[in-house]
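Chain by chain, the residues:
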Amino acid sequence: MSGLERVAQPDGPHPGRPPDRTVRRADPVLLDAVRARLARHGPQPTAEDVTEAVRSAGTVLGSQALAELGAAVRAEVLGAGPLQRLLDDPEVTDVLVNAPDQVWVERAGRLERSAIDLGTPTQVRDLAVRLAAAGGQRLDDASPTVDARLPDGSRLHAVLPPVAGGCALISLRTLRRQAFTLDELVRAGSVAPGLVPVLRALVAARASFLVSGATGTGKTTLLSALLSLVAPTERIVCIEESGELAPDHPHVVRLLARAANVDGAGAIGLSDLVRQALRMRPDRIVLGECRGAEVRDVLTALNTGHEGGCATLHANTAADVPARLEALAALAGMSRESVAAQAASALDAVVHLRRDGPRRYIAAVAVVRRAPTGELAVETAVDVTPGGLPVRGPGWEALARRMGA
Ligand SMILES: Nc1ncnc2c1ncn2[C@@H]1O[C@H](COP(=O)(O)OP(=O)(O)OP(=O)(O)O)[C@@H](O)[C@H]1O
Ligand SMILES: [Mg+2]
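Because the structure is a prediction, the values reported are computed rather than measured. (Residues numbered from 1 in each chain as written. Chains lettered and ligands numbered in written order. Predicted model: local features only at pLDDT ≥ 70, side-chain atom pairs only at ≥ 80, totals over all residues. Heavy atoms only, no water.)

1. Observations regarding the environment of Asp126
Link 1 in the chain: Position of Asp126 relative to the elements: it lies in helix H5 (residues 121–134).
Link 2 in the chain: For the pair formed by Asp126 and Leu139, sequence separation is 13 residues and the distance between their alpha carbons is 9.9 Å. (Helix = DSSP H or I, 4+ residues; strand = E, 2+ residues; numbered from the N terminus.)

2. Here we look at the nonpolar core
Link 1 in the chain: Within the largest apolar cluster, 37 residues are counted, with the highest numbers of intra-cluster contacts made by Val191, Leu222, Ile362 and Leu399.
Link 2 in the chain: Setting aside chain neighbours within four positions, we find Ile362 in contact with Ser190, Val191, Leu195, Leu199, Leu222, Val351, His352, Leu353 and Val384.
Link 3 in the chain: Val237, Ala301, Ala311 and Leu328 belong to the second-largest nonpolar core, a separate cluster that totals 36 residues. (Core = buried A, V, L, I, M, F, W, Y, C linked by side-chain atoms within 4.5 Å. Buried < 20%, exposed > 50% of the residue type's maximum accessible area, 1.4 Å probe, protein only. Contact = heavy atoms within 4.5 Å.)

3. A closer look at the sheet that holds strand E13 (residues 310–314)
Link 1 in the chain: Spatially, E11-E10-E12-E13-E9-E14-E15-E16-E17 is the arrangement adopted by the 9 strands of the open sheet, whose pairing is mixed. In the strand order of this sheet, the two ends are held by strand E11 (252–256) and strand E17 (390–392), each with one partner. Pairwise comparison of adjacent strand axes, ignoring direction, gives a mean angle of 25 degrees for this sheet.
Link 2 in the chain: Looking at chain direction, strand E16 (residues 376–384) and E17 are connected through 3 bridges and run antiparallel. Residue pairing across strands places Asp383 opposite Val391, the latter belonging to E17.
Link 3 in the chain: Together, strand E12 (284–290), strand E14 (349–356) and strand E15 (359–370) form the strand contacts of helix H7 (residues 196–204), whose direction differs from that of E14 by roughly 140 degrees. (Pairing = 2+ DSSP bridges. Axes fitted to C-alpha atoms, helices over the stretch in contact; angles between N-to-C directions.)

4. Some thoughts on the site of ligand 1
Link 1 in the chain: Near ligand 1 there are 16 residues, and of these Arg173, Ser190, Lys219, Thr220 and Thr221 occur at the shortest range.
Link 2 in the chain: The contact in question runs from an oxygen atom of ligand 1 to an N or O atom on the side chain of Lys219, over 2.8 Å.
Link 3 in the chain: Interatomic distance of 3.2 Å between a side-chain N/O atom of Arg360 and an oxygen atom of ligand 1.
Link 4 in the chain: Surface burial for ligand 1 is 89%, taken as the share of its 620 Å² of free accessible area covered by protein chains.
Link 5 in the chain: The biggest single contributor to the shell around ligand 1 is helix H8 (residues 219–227), with 3 residues.
Link 6 in the chain: Looking at the shell around ligand 1 residue by residue, the class counts come to 3 nonpolar, 8 polar and 5 charged. (Near = heavy atom within 4 Å. Polar contact = N/O pair within 3.5 Å; in protein donor to acceptor, adjacent residues only side chain to side chain. Areas by Shrake-Rupley, 256 points an atom, 1.4 Å probe, with all protein chains shown as cover. Nonpolar A, V, L, I, M, F, W, Y, C, P; charged D, E, K, R; others polar.)

5. Some points on the packing of helix H9 (residues 270–278) against helix H10 (residues 294–302)
Helix packing for two helices is described by the angle between their axes and how far apart those axes are.
Link 1 in the chain: In the contact formed by H9 and H10, the axes pass within 8 Å of each other and the chain directions differ by 20 degrees. Put simply, H9 runs roughly parallel to H10. Of the two possible hands of crossing, H9 and H10 adopt the one that is left-handed. On H10, the residues that touch Leu270, Ser271, Val274, Arg275 and Leu278 of H9 are Glu294, Asp297, Val298 and Ala301.
Link 2 in the chain: The residue inventory of the contact of H9 with H10, partitioned by class, reads 5 nonpolar, 1 polar and 3 charged. (Parallel < 35°, antiparallel > 145°, perpendicular 65-115°, else oblique. Left-handed = near helix turned anticlockwise from the far one by under 90°.)

6. Concerning H7
Link 1 in the chain: Looking at H7, one finds that the buried residues are Val196, Val198, Leu199, Leu202 and Val203. All buried residues of H7 project into a common sector of 165 degrees when viewed along the axis, lining one side. Exposed side of H7, more than 90 degrees from the buried face: Pro197 and Ala204 are the residues found there.
Link 2 in the chain: Contacts made by the buried residues of H7 are with helix H6 (182–187), H8, E12, E14, E15 and helix H13 (396–402).
Link 3 in the chain: Trailing H7 by a residue or two, Arg206 shows a phi angle of about 55 degrees, which is positive. (Arc of directions from axis to C-beta.)

7. A word on the pattern of salt bridges
Link 1 in the chain: One pass over the full model with this rule turns up 20 salt bridges.
Link 2 in the chain: Glu234 is the partner of Arg284 in a salt bridge, and the nearest nitrogen-oxygen pair spans 2.7 Å. Pair noted here: Arg284 is in strand E12 and Glu234 is in the loop between H8 and strand E10 (236–240), with a separation of 50 residues, a long-range link.
Link 3 in the chain: In this structure, a network of salt bridges that share partners links the residues Arg206, Glu234, Arg284 and Glu307. (Salt bridge = Lys/Arg side-chain N within 4 Å of Asp/Glu carboxyl O.)

Structure (structure tokens):
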């Protein structure tokens, strides 16, 4: 016995995938034996503990087979099991499980179906529950959705049936080990070279700004790159759901929201954390993703002397930003008028991202102001043509004034 099972793959088209018809998965009996041994190492066994447990589980193997088995078991016990090798692929940004035999990956900007088969719907559910536990969260019938960060930094979202219509659904977003620098984003065609001085000036002038864009357009990545430009003498407090921001900066502290425990107690939300951050002598308050009532606390913070703050916001176009802010602020009981007044004085700019196929790029920089009618308005200061040329818009003068230029 090698301790590794070869799992046959079903037939069917897997566009773009090499003809990898089998996937190696650790033998369940051996896995149980290894898990039992690891229980002695406490809740966070190291990779060495796993290798040692495989060795002492009693199977006699050659060194090649032992190394292969060790890798498979480590993936099962510490990582995302059979999905781990997808997450380890530097080109893969997302891994999406819809059913045991429907595992999709986004590689280099394109969704493709992988040849991996996870077995049965129960095994998918077990994997989701185990991943959630690895991220310190519960996932069960009473709490059937989870948003967590795995120990390797990947972001996990999972939903169990019947909320998921069919099999448990798993969505994993891989973590780039290193943040993109602004220069790398320029080289990748994501930031027009002409925008670099504008972005640098926004950060240097301690403007408060939002990075907006649709799902997966690179908002968090760009915000990390911009925070890396913050002067090293400033203290950055990042408030997040799942700790994704990775600015290259010497003085960053993180506050992570927490879900309630089994008894429904102990939840700490983003609003709470924004208020906590105010007491922590922040030079910059950063909200990883603004997606609910915490928008009120952020606007209040930015209006009470905490300039230079920033956040990402989901919006399909820069012009949708006011409506998005109003909708979120309504969750906190704010009227349209008060959002307009607060946001216009708290926020200086919006940096909007767009995605065309695999390409993600800054499509516009806009200023936030109040229209003469009293409504919140976002006015284009720089528009970037699909060919990558920045063109000044009607908001340019206001933006230049804000940047002290
Ligand atoms: N400019 C870029 N070029 C290539 N890949 C990128 C770029 N920006 C981001 N990515 C990759 O795309 C994926 C999504 O990026 P990111 O998490 O920053 O997007 P997002 O807009 O914050 O997503 P979400 O809406 O889920 O919060 C990541 O894996 C990231 O590494
Ligand atoms: Mg994001």
